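# Observations on the three-dimensional arrangement
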Amino acid sequence: RWKVLDDGVVTYDGSRGMSYATLEHLNTGERMSVYGMHPLSAVSEEVHLRNIEMATEHMAASPYASEAPVVLLGDMNANEYSESMRLIRDGSINAFGQDWNAPITFEDSFRVANGDAADGNTGFGVKIDYVFVEERDDAPFRVEDASIRSDAPGGSDHFPVMAEVVLLFDTP
């Protein structure tokens, strides 16, 4: 159903990589990019901020950026009230004595579907795992549903975050 237009891995943190693919739907020609990242835990929030800047700069520099909205998946190792998660939502913040900027901003699909009051625990008492959808003036995605599966089988110490997201963006 989808053709891969571009894909790769960008290394960061010295030991981690951010994987990505830009896809084109074979029937409609619609495009989207999907990124996955898992920054190191137990590092400073400044490292997380640098990771968000790096990731969103890579997304914005893609030759497909204007026509392929982004879904970002990941164990971000940062709770939703941290500076790095504020940066990914707001696009700019001042923290640790400097300005931080993200050229692309995102919404958390779980919060869009369930509201701010819903329990976001992904296994650690707080929410650190996400399915983000890119924000644009003409919304490229509609979040139909999102949930956290605290009853999922398997050996992970994280609860899976699942989201049903519809691509609305039309490409030429």
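Scroll up for the structure.
In this text the structure is predicted, and so the values were computed from the model without any measurement. (Residues numbered from 1 in each chain as written. Predicted model: local features only at pLDDT ≥ 70, side-chain atom pairs only at ≥ 80, totals over all residues. Heavy atoms only, no water.)

All right, on to the pairing of strand E5 (residues 92-95) then. Of the two faces of E5, the one holding Ile93 and Ala95 is buried and the one holding Ser92 and Asn94 is not buried anywhere. Where E5 lies against strand E6 (residues 98-101), four bridges are found, and the strand directions are antiparallel. If you follow Ile93 over to E6, its bridge partner there is Trp100. Between the antiparallel neighbours E5 and E6 lie two residues, among them Phe96 with a positive phi of about 55°. (Buried < 20%, exposed > 50% of the residue type's maximum accessible area, 1.4 Å probe, protein only. Helix = DSSP H or I, 4+ residues; strand = E, 2+ residues; numbered from the N terminus. Pairing = 2+ DSSP bridges.)

Counted under the stated rule, the structure contains three aromatic pairs. A centroid spacing of 4.8 Å and a plane angle of 10° characterise the contact between Tyr130 and Phe132, whose relative ring orientation is stacked. The class for Tyr130 is buried, based on a relative accessible area of 3%. On the basis of relative accessible area, Phe132 is assigned to the buried category, the value being 1%. (Phe/Tyr/Trp six-rings, centres within 6.5 Å; stacked < 30°, edge-to-face > 60°.)

Across all of its chains, the model carries seven salt bridges by this definition. For Arg111, the salt bridge is made with Glu80, and the minimal N-O distance between the two is 2.8 Å. On the criterion of sequence distance, the pair formed by Arg111 in helix H3 (residues 109-114) and Glu80 in the loop between strand E4 (70-75) and helix H2 (83-90) is long-range, its members being 31 residues apart. A relative accessible area of 12% means that Arg111 is categorised as buried. Among the residues examined, Glu80 registers a relative accessible area of 9% and is labelled buried. (Salt bridge = Lys/Arg side-chain N within 4 Å of Asp/Glu carboxyl O.)

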